[in-house]
Amino acid sequence: MRLFAAVLPPAPAIEELAAEVAQLKMLPAAGRLRWTGRDSWHFTLAFYGEVPEETVPELSERLARAARRRAPYELRIAGGGRFSDRVVWAGADGDRPAMRILADAASAAARRAGLAMDEEHRPYTPHLTLARNRIPNLDLRPYASALKDFAGTSWTVGDLALVCSHPPVPGVAGKQPRYETVGSWPLGH
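Residues numbered from 1 in each chain as written. Predicted model: local features only at pLDDT ≥ 70, side-chain atom pairs only at ≥ 80, totals over all residues. Heavy atoms only, no water.

As annotated in an unreviewed UniProt entry, the chain carries the name RNA 2',3'-cyclic phosphodiesterase and is attributed to Streptomyces lydicus. In its Catalytic activity (unreviewed entry) section, UniProt records this for the chain: "a 3'-end 2',3'-cyclophospho-ribonucleotide-RNA + H2O = a 3'-end 2'-phospho-ribonucleotide-RNA + H(+)". (UniProt positions renumbered as here; feature names shortened; annotations may be inferred.)

Have a look at this one:
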């Protein structure tokens, strides 16, 4: 199973972002990007990759424990940017330190469950991937700039989710991965 830990925004936050993305899709060359669907919008906390099925119960137990030890926190989808000229993303505002701590706990849970985690330490950048680019020399700066002032309504993050990524069917143009929540644990309980 290809798994990751995530924060899943509530429907009202997704609706606000969808309205903003509709505006982005009117920018020049927007049709050349591969836009992600709203059902795939999430904040990844820790990516686990392929996880043996027999490891999932222990990982789930450890994620539940990590969630119990963390308090709910405030977050909103806000701003955005780009990773080079490969990805357009929406960002997060609110209690980002609490989100970083939750991301660290999700990684630690995986290590304790016996999963090899990438030890390369880079700054955690909470983001929702909106579009991917595979066209050389397509400048994504206008998309990042258009997202700069976006600020959604805040909500309380109350759950840590374990999500399974089902890759698209090979050879079918335009298909996106499908995401399935396989576990969810309340924060602070």
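**Let's talk about the sheet that holds strand β7 (residues 155-157)**
Taken in spatial order, the five strands make up an open sheet running β2-β6-β5-β4-β7, and their pairing is antiparallel. Looking along the sheet, the strands with just one partner apiece sit at the ends: β2 (34-35) and β7. As judged from the seven bridges shared by strand β4 (residues 73-83) and strand β5 (residues 87-94), these two strands associate in the antiparallel manner. Note on β5: the bridge partner recorded for Arg82 is Val88. Packing against the sheet, helix α1 (residues 11-24) makes contact with β2, β4, β5, β6 (128-132) and β7, and its axis sits at approximately 25 degrees to β6. (Pairing = 2+ DSSP bridges. Helix = DSSP H or I, 4+ residues; strand = E, 2+ residues; numbered from the N terminus. Contact = heavy atoms within 4.5 Å. Axes fitted to C-alpha atoms, helices over the stretch in contact; angles between N-to-C directions.)

**Side note on the side chain of Ser60**
Looking at the secondary structure, you find Ser60 in helix α2 (residues 56-68). For Ser60, a relative accessible area of 18% corresponds to the buried category. Beyond its immediate stretch of four places on either side in the chain, Ser60 contacts Leu162 and Trp185. (Buried < 20%, exposed > 50% of the residue type's maximum accessible area, 1.4 Å probe, protein only.)

**Describing the nonpolar core**
Among the nonpolar cores identified, the biggest contains 55 residues, and Leu45, Tyr48 and Leu130 are the most heavily contacted of them. Here the element with the most residues in this core is helix α3 (residues 96-112); it accounts for seven residues. Beyond its immediate stretch of four places on either side in the chain, Leu130 contacts Leu17, Val21, Leu24, Arg34, Trp35, Thr36, Trp41, Val88, Trp89, Ala90 and Leu147. (Core = buried A, V, L, I, M, F, W, Y, C linked by side-chain atoms within 4.5 Å.)

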